[in-house]
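# Breakdown of the fold
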Amino acid sequence: METPEDLTAEQFTKALDQSWASAPTGGTDLLSRMRDSIADIDTSVDKPKITKEEFLAELARGRR
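This section reports on the structure supplied with the text. (Residues numbered from 1 in each chain as written. Predicted model: local features only at pLDDT ≥ 70, side-chain atom pairs only at ≥ 80, totals over all residues. Heavy atoms only, no water.)

To continue, consider the overall build of the protein. Tallying secondary structure elements over the protein gives 3 helices and 0 strands in all. Taken from the N to the C terminus, the helices and strands of the protein come in the order α-α-α. Classification of the 64 residues of the protein by burial places 9% in the buried group. Carbon and sulfur atoms form 56% of the exposed surface of the protein, whose accessible area is close to 5,700 Å². (Helix = DSSP H or I, 4+ residues; strand = E, 2+ residues; numbered from the N terminus. Buried < 20%, exposed > 50% of the residue type's maximum accessible area, 1.4 Å probe, protein only. Areas by Shrake-Rupley, 256 points an atom, 1.4 Å probe, with all protein chains shown as cover.)

Here it is in structure tokens:
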């Protein structure tokens, strides 16, 4: 069995995308919300930049 260290970056990304798509409990919902959050950040002009920790905390608040 291959480990993440054995995969090329492209193979790892593909495997990660497949694992999100096949997650049994809301994986695609979480992925969609993450993509939407990133898109909001990318398109906002007047919002200050946030840290990774702040982003994850905001994402967790949106899940409730």
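Its location among the elements puts Ser37 in helix H2 (residues 27–43). Sequence separation between Ser37 and Glu58 is 21 residues; the distance between their C-alpha atoms is 9.1 Å. If we skip the residues at most four places from it in the chain, Ser37 touches Phe55 and Leu59. (Contact = heavy atoms within 4.5 Å.)

Now for the pattern of salt bridges. Between side chains of opposite charge, a pair can form as their charged atoms come close. By the definition in use, this model includes 1 salt bridge. Put simply, Glu58 and Arg61 hold a salt bridge, and the shortest N to O gap is 2.7 Å. Of this pair, Glu58 and Arg61 both sit in helix H3 (residues 52–63), 3 residues apart, roughly one helical turn. (Salt bridge = Lys/Arg side-chain N within 4 Å of Asp/Glu carboxyl O.)

Attention now moves to the environment of Leu59. As for its position among the elements, Leu59 is in helix H3. For the pair Leu59 and Leu30, spaced 29 residues apart in sequence, the C-alpha separation works out to 9.0 Å. In this view, Leu59 contacts Leu30, Arg33, Met34 and Ser37; residues no more than four positions away in its chain are not counted.

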